[in-house]
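Okay, here's what each chain looks like letter by letter:
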Amino acid sequence: MAKPSSTAAESEEERTHLHVRLTDTRSSIYDLITEYLQAAGKAPDWYWRTAGRLEGSDADNFEELLSSAFEAGAFISHDHPDDLRFDWVTEEQCEKERRSEERGEQRDDARKERSSLSHYA
């Protein structure tokens, strides 16, 4: 899906960024990343333990985590294209979603999904 074209006259509020969502509310991004790690011959346990305690001080692990996450995104979009939805949203729309979540108007699963997938562009 292509990003909407931007013009010089486009104001700050009209700029968009990408939100990536799972289409199936029962799906888990963690399961899809684990599937990728297993298919790539990487150790999911190491990945998740390292991600959980990452403090930014270990450059080698940080680079490997980022690289694996990027590869996982490509894997998921290639092998599970129907499981993903790409939404270009404005800052105003994004803020409206955040406020809605804070008021508890969306399920915990949606909140977890947003925190792990949003803002990739």
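Structure's up top.
Residues numbered from 1 in each chain as written. Predicted model: local features only at pLDDT ≥ 70, side-chain atom pairs only at ≥ 80, totals over all residues. Heavy atoms only, no water.

A.B. asks: Hey, could you run me through the overall build of the protein chain in this one?
C.D. replies: When helices and strands are tallied, the protein chain shows 5 helices and 2 strands. Along its sequence from the N terminus, the protein chain presents helices and strands in the succession β-α-α-α-β-α-α. The buried share among the 121 residues of the protein chain stands at 29%. Surface summary for the protein chain: the accessible area is close to 8400 Å², and the carbon and sulfur share equals 49%. (Helix = DSSP H or I, 4+ residues; strand = E, 2+ residues; numbered from the N terminus. Buried < 20%, exposed > 50% of the residue type's maximum accessible area, 1.4 Å probe, protein only. Areas by Shrake-Rupley, 256 points an atom, 1.4 Å probe, with all protein chains shown as cover.)

A.B. asks: Just checking my understanding: could you explain the side chain of His19 for this structure?
C.D. replies: Tracing the chain through its elements places His19 in strand β1 (residues 16–22). Side-chain polar atoms of His19 contact the side chain of Arg21, separated by 2.7 Å. (Polar contact = N/O pair within 3.5 Å; in protein donor to acceptor, adjacent residues only side chain to side chain.)

A.B. asks: Can you walk me through the pattern of salt bridges in this structure?
C.D. replies: Opposite charge on two side chains makes pairing possible when the charged atoms of those side chains draw close. Summed over all chains, the structure comprises 5 salt bridges. One salt bridge connects Arg26 with Asp24, and the closest N-O pair in it is separated by 3.2 Å. Of the residues examined, Arg26 reaches a relative accessible area of 73% and is grouped as exposed. Between Asp87 and Arg85 there is a salt bridge; the shortest N-O distance is 2.9 Å. A relative accessible area of 24% means that Asp87 is categorised as partly exposed. (Salt bridge = Lys/Arg side-chain N within 4 Å of Asp/Glu carboxyl O.)

A.B. asks: Can you help me understand helix α2 (residues 44–53) in this one?
C.D. replies: Residues that lie three or four places apart on an α-helix share one face, since the helix turns once every 3.6 residues. Of all the residues in α2, the buried ones are Pro44, Tyr47 and Thr50. Taken down its axis, α2 places every buried residue within 140° of arc, on the same side. When the buried face of α2 is taken as reference, the exposed residues oriented beyond 90 degrees from it are Asp45, Gly52 and Arg53. (Arc of directions from axis to C-beta.)

A.B. asks: Hey, could you run me through the packing of aromatic side chains in this one?
C.D. replies: Two numbers describe a pair of aromatic rings. These are the distance of the centres and the angle of the planes. Scanning the entire structure with this criterion turns up 3 aromatic pairs. For the pair Tyr47 and Trp48, a centre-to-centre distance of 5.1 Å together with 90° between the ring planes defines the contact as edge-to-face. A connected cluster of aromatic rings, assembled from ring pairs, spans Tyr30, Tyr47 and Trp48. (Phe/Tyr/Trp six-rings, centres within 6.5 Å; stacked < 30°, edge-to-face > 60°.)

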